[in-house]
Amino acid sequence: MTIMERVTADTVSAMKAKDQPRVETLRLLKSELKKKEIDKRAPLDEAEAQGVVLGLSKQRLDSIEQFSKAGRTELVQKEQAELAILKAFLPEAATDEEIKTEVDKAATSLGASTAKDMGAVMKLALAALKETGKVVDGKKVSEAVKARLS
């Protein structure tokens, strides 16, 4: 079942359960997927659909951070609830240990030792992590590469 099919089925079940926050989040996700599909002028494959979900998840994380700084706990809770719904459509995320291991392998294979090598190490590490099929946060990889090369 594709992400779009799952979103549609979950929207119907949420509407039947009268779960309005879930319905709103799923409708937002469906509209973003449709918008991306229209922009592409072709159906989305699973990786592209996951990219849309990941983008929306990152927006929620950023909003949570901003609302926390502003002391808006009710909005933080709303964003956290939306994030939990969105995460259900993503595969498992790569752990910090997996990221560190791949960064170490990439740096060793390239013989990288200075910050100038960061781009090459990032490219190799991200490629290896994406092959695992897990969601990879580029920011975490970047931080791991900086720590390794400094």
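Cut-offs and rules
- Residues numbered from 1 in each chain as written.
- Predicted model: local features only at pLDDT ≥ 70, side-chain atom pairs only at ≥ 80, totals over all residues.
- Heavy atoms only, no water.
- Helix = DSSP H or I, 4+ residues; strand = E, 2+ residues; numbered from the N terminus.
- Expected span 1.5 Å × (residues − 1).
- Buried < 20%, exposed > 50% of the residue type's maximum accessible area, 1.4 Å probe, protein only.
- Arc of directions from axis to C-beta.
- Axes fitted to C-alpha atoms, helices over the stretch in contact; angles between N-to-C directions.
- Parallel < 35°, antiparallel > 145°, perpendicular 65-115°, else oblique.
- Left-handed = near helix turned anticlockwise from the far one by under 90°.
- Contact = heavy atoms within 4.5 Å.
- Nonpolar A, V, L, I, M, F, W, Y, C, P; charged D, E, K, R; others polar.
- Polar contact = N/O pair within 3.5 Å; in protein donor to acceptor, adjacent residues only side chain to side chain.
- Core = buried A, V, L, I, M, F, W, Y, C linked by side-chain atoms within 4.5 Å.

A. Geometry of helix 5 (residues 96–110). The terminal C-alpha atoms of helix 5, which comprises 15 residues, lie 21 Å apart, in line with the 21 Å expected from a rise of 1.5 Å per residue. Looking only at helix 5, the buried set comprises Ile99, Glu102, Val103, Ala106 and Ala107. Considered in projection along helix 5, the buried side chains sweep an arc of 130° and stay on one side of the axis. Away from the buried face of helix 5 by more than 90 degrees, exposed residues Glu97, Thr108 and Ser109 are located.

B. Structural context of the packing of helix 5 against helix 7 (residues 138–149). Close contact between helix 5 and helix 7 brings their axes to 9 Å; oriented N to C, the two are set at 50°. The angle between the axes of helix 5 and helix 7 places the two elements in the oblique class. Note that helix 5 runs across helix 7; the crossing there is right-handed. Contacts between helix 5 and helix 7 involve Asp96, Ile99, Val103, Asp104, Ala107 and Thr108 from the first element and Lys140, Val141, Ala144, Val145 and Arg148 from the second. A breakdown of the residues in the contact of helix 5 with helix 7 according to their chemical character gives six nonpolar, one polar and four charged.

C. Representation of the side chain of Glu102. Here Glu102 shows up in helix 5. Judged by relative accessible area, which is 17%, Glu102 ranks as buried. Contacts of Glu102, omitting those with residues within four sequence positions, involve Ala125, Ala128 and Leu129.

D. Broad picture of the environment of Glu48. For Glu48, the position within the fold is in helix 3 (residues 46–70). The spatial distance from the C-alpha of Glu48 to the C-alpha of Phe67 is 29 Å, given a sequence separation of 19 residues. Setting aside residues up to four positions removed in sequence, Glu48 forms contacts with Lys40 and Pro43. In this structure the side chain of Glu48 is engaged in a polar contact, spanning 2.7 Å, whose partner is the side chain of Lys40.

E. Main features of the packing of helix 1 (residues 3–16) against helix 2 (residues 20–40). Interhelical geometry of helix 1 versus helix 2 gives an angle of 155° and a closest axis separation of 9 Å. The angle between helix 1 and helix 2 places the two elements in the roughly antiparallel class. Here helix 1 and helix 2 pass one another in a crossing that is left-handed. Each of Ile3, Met4, Val7, Thr8, Asp10, Thr11, Ala14 and Met15 in helix 1 lies in contact with helix 2, whose residues at this interface are Arg22, Val23, Leu26, Arg27, Leu29, Lys30, Leu33, Lys34 and Glu37. Class assignment of the residues belonging to the contact of helix 1 with helix 2 gives a composition of nine nonpolar, two polar and six charged.

F. The arrangement of the nonpolar core in detail. One finds Ile3, Val7, Leu26, Leu29, Leu33, Val53 and Phe89 to be the most contacted residues of the largest nonpolar core, which totals 17 residues. Secondary-structure elements contributing two or more residues to this core are helix 1, helix 2, helix 3 and helix 4 (73–87). Residue contacts for Ile3: discarding those within four places in its chain leaves Leu33, Glu46, Ala49, Gln50, Val53 and Phe89. Within the second largest apolar cluster, 15 residues are counted, among which are Met122, Leu129, Val141 and Val145.

None of the figures reported here should be taken as evidence of function without further support.
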